[in-house]
Amino acid sequence: MKYKIVGLGEFTGNEATIYSVILNNEDETLFEKFIEENINSFKDEIYFILDRLEVIGNETGAREIFFKLKEGKPGDGVVALYDEPDSNLRLYCIKYGTQIIILGGGGQKPKDIRTLQEDNKLKEENYLLRKISKEITERIKDKRIEFSNFGQELEGELEFEDETDA
Amino acid sequence: MRKKAEKHSSKLINELMAGRDKHTTAMTRNRMLLAAKIDDGIKAKGWGKSQFAEKMGKEPSVITKWLSGTHNFTSDRLTEIGLVLGIELLRVDSKPNIIRYQPVIVTQNSENEIQVSPELGMLINEGIFSQRVIADC
């Protein structure tokens, strides 16, 4: 699998930089796919997510209070954007402090499940972000990716390719 | 020089952003800004979420919901939170912008000259506008 981290100018502002991920040279990011998968059934919730991302990018930053934490492995930064209690959607992201978010995908959140592993779609999207987070962390440790602009941007080798594919 | 992330422009997102309902967008924004102000207030006190919950007489899960930026607070609740945290969440302490109205009497004398009492010019200068005009011709 190949993928790259790309910036989303629609939400990025003075308080946070919002990124998403493009897989295998596709045209769309994971976040756009999430929108397309859900816009017909949950249009209002999609608008709500767009509103929230705009405020995070421009006014509040990615404060912990706006996210459901610990959606991945300890310390990997995989979180979910908080939504209204009766909402249907779950959007996963990777959060670095209050200034960087990488938007992933997500899906419909069935009312009758306790853990994300009980739903194949949520599990798939969540585990993909866990993998991406792990690989970004490795590059940060190797200084192949660094935080710039006072922690508000990622710089460096932001394109990835599985060694088995290379 | 290290490479920055490529910028991705999305027609889909741009179209959706342009089609949002401005009232709903403003409501979402205000809920998030209030939550951020409360979050700042809790931190300024040196409290955690649990301590704040205790002070408010609520379960921590209720505080999590308040802080998620999705909650529609009542003005009474904001007053209560503001008192506990010692911060102003509702700006009602300053006087509202009051427009004063005062009746003026318009008369016409025998030489057909219009007279206004009190003097209209003075009232306008003071930001007071006529609401009721009594014609006495």
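Only a predicted model underlies this, so the values are computations on that prediction, with no experimental measurement involved.

Engineer: How should the overall build of chain B be read in this particular structure?
Structural biologist: Scanning chain B from terminus to terminus reveals six helices and four strands. The buried share of chain B, reckoned over its 137 residues, is 29%. Partitioning the contacts of chain B with sequence separation of at least 6, the portion at a separation of at least 24 is 55%. Carbon and sulfur atoms form 51% of the exposed surface of chain B, whose accessible area is close to 9500 Å².

Engineer: How should the interface of chain B and chain A be read in this particular structure?
Structural biologist: A common way to state how big an interface is: give the accessible area lost once the parts meet. At the junction of the two partners, chain B supplies 33 residues and chain A supplies 45 residues. In this assembly, chain B packs against chain A so that about 3300 Å² is buried in total across both faces, 58% of it on carbon and sulfur atoms. Broken down residue by residue, the surface that chain B buries against chain A is led by Arg2, His8 and Met32 of chain B, which jointly contribute 22%. The partner of Arg29 of chain B in a salt bridge is Glu59 of chain A, and the shortest N-O contact between them spans 2.6 Å. In this assembly, chain B and chain A are joined by 19 residue pairs in polar contact (both at pLDDT 80 or more). Counting residues per element, the ones that place at least two in the side of chain B that touches chain A are strand E1 (6–8), helix H1 (11–18), helix H2 (22–45) and helix H4 (60–67) of chain B. At 11 residues, H2 of chain B tops the list of elements feeding residues into the side of chain B that touches chain A. Its residues assigned to classes, the side of chain B that touches chain A shows 10 nonpolar, 12 polar and 11 charged. For strand E1 (residues 2–8) of chain A and E1 of chain B, the ladder comprises three bridges, and the chain directions are parallel.

Engineer: Looking at this structure, I do not really get unusual backbone geometry. What am I missing?
Structural biologist: Most peptide bonds take the trans form, and the phi angle of most residues other than glycine is negative. Residue and element names in this part refer to chain A. Even without being a glycine, Asn24 presents a positive backbone phi close to 45 degrees. At Asn149, a position not held by glycine, the phi torsion is positive, near 50 degrees. When you line up the elements, Asn149 lands in the loop between strand E7 (145–148) and strand E8 (153–156). Relative accessible area serves as the criterion here: at 41%, Asn149 is assigned to the partly exposed category.

Engineer: I'm lost on the pattern of salt bridges in this one. Help?
Structural biologist: Once their charged atoms are close, side chains differing in charge can pair, the charge on each being opposite to the other. Within the structure shown, the criterion is met by 22 salt bridges over all chains. Here Asp39 of chain B ties to Arg63 of chain A by a salt bridge, and the two come within 2.9 Å at their closest N and O atoms. With Asp39 of chain B in helix H2 and Arg63 of chain A in the loop between helix H2 (43–60) and strand E3 (67–68), the pair connects residues from two separate chains. Residue classification places Asp39 of chain B among the buried residues on the basis of a relative accessible area of 7%. The class for Arg63 of chain A is buried, based on a relative accessible area of 15%.

Engineer: Which parts of the structure should I look at to understand the packing of aromatic side chains?
Structural biologist: Two aromatic rings, taken as a pair, are described by how far apart their centres are and by the angle between their planes. Residue and element names in this part refer to chain A. Per the counting criterion, the structure on display carries six aromatic pairs over all chains. Seen in terms of ring centroids, Phe31 and Phe34 are 6.3 Å apart; in terms of plane orientation they differ by 20 degrees. Their pairing is stacked. Of this pair, Phe31 and Phe34 are both found in helix H1 (residues 30–38), three residues apart, which corresponds to roughly one turn of the helix. By relative accessible area, Phe31 is classed as buried at 0%. Relative accessible area serves as the criterion here: at 1%, Phe34 is assigned to the buried category. Pairwise contacts between aromatic rings join Phe11, Phe31 and Phe34 into one cluster. Taking NZ or CZ as reference, Arg130 lies 4.5 Å from the ring centre of Tyr127, over its face.

Engineer: Hey, could you run me through empty space enclosed by the protein in this one?
Structural biologist: Sizing a probe to match a water molecule and rolling it over the atoms shows the empty space that remains. All names here are of chain A. Applying the stated criterion to the full structure yields one cavity of 30 Å³ or more. Empty space within the largest cavity amounts to approximately 40 Å³. Around the largest cavity, the lining residues are Phe48, Ile49, Arg52, Leu81, Tyr82, Asp83, Leu89, Arg90 and Leu91. Of all elements in the fold, only H2 and strand E5 (89–96) reach the threshold of two or more residues within the lining of the largest cavity.

Engineer: Explain helix H3 (residues 49–56) of chain B to me, please; I cannot follow it from the model alone.
Structural biologist: For an α-helix the count is 3.6 residues per turn, leaving residues at separations of three or four pointing the same way. Residue and element names in this part refer to chain B. By the burial criterion, the buried members of H3 are Phe52, Ala53 and Met56. The buried residues of H3 occupy an angular sector of 105 degrees when projected down its axis, which confines them to one face. Residues of H3 that are exposed and angled more than 90 degrees away from the buried face: Glu54 and Lys55. Taken together, the buried residues of H3 touch H2, H4 and helix H5 (75–85). Once H3 finishes, Gly57 follows within two positions and takes phi at roughly 70 degrees, a positive value.

Definitions and cut-offs
Residues numbered from 1 in each chain as written. Chains lettered and ligands numbered in written order. Predicted model: local features only at pLDDT ≥ 70, side-chain atom pairs only at ≥ 80, totals over all residues. Heavy atoms only, no water. Helix = DSSP H or I, 4+ residues; strand = E, 2+ residues; numbered from the N terminus. Buried < 20%, exposed > 50% of the residue type's maximum accessible area, 1.4 Å probe, protein only. Contact = heavy atoms within 4.5 Å. Areas by Shrake-Rupley, 256 points an atom, 1.4 Å probe, with all protein chains shown as cover. Buried area = accessible area lost by both parts, 1.4 Å probe. Salt bridge = Lys/Arg side-chain N within 4 Å of Asp/Glu carboxyl O. Polar contact = N/O pair within 3.5 Å; in protein donor to acceptor, adjacent residues only side chain to side chain. Nonpolar A, V, L, I, M, F, W, Y, C, P; charged D, E, K, R; others polar. Pairing = 2+ DSSP bridges. Phe/Tyr/Trp six-rings, centres within 6.5 Å; stacked < 30°, edge-to-face > 60°. Lys NZ or Arg CZ within 6 Å of the ring centre and 35° of its normal. 1 Å grid on protein atoms, 1.4 Å probe; cavity = no way out; pocket = protein on both sides within 12 Å on 5 of 7 lines; lining within 4 Å. Points joined across faces, edges and corners; volume = space filled by probe spheres on them. Arc of directions from axis to C-beta.

That is the geometry; function is a separate question.
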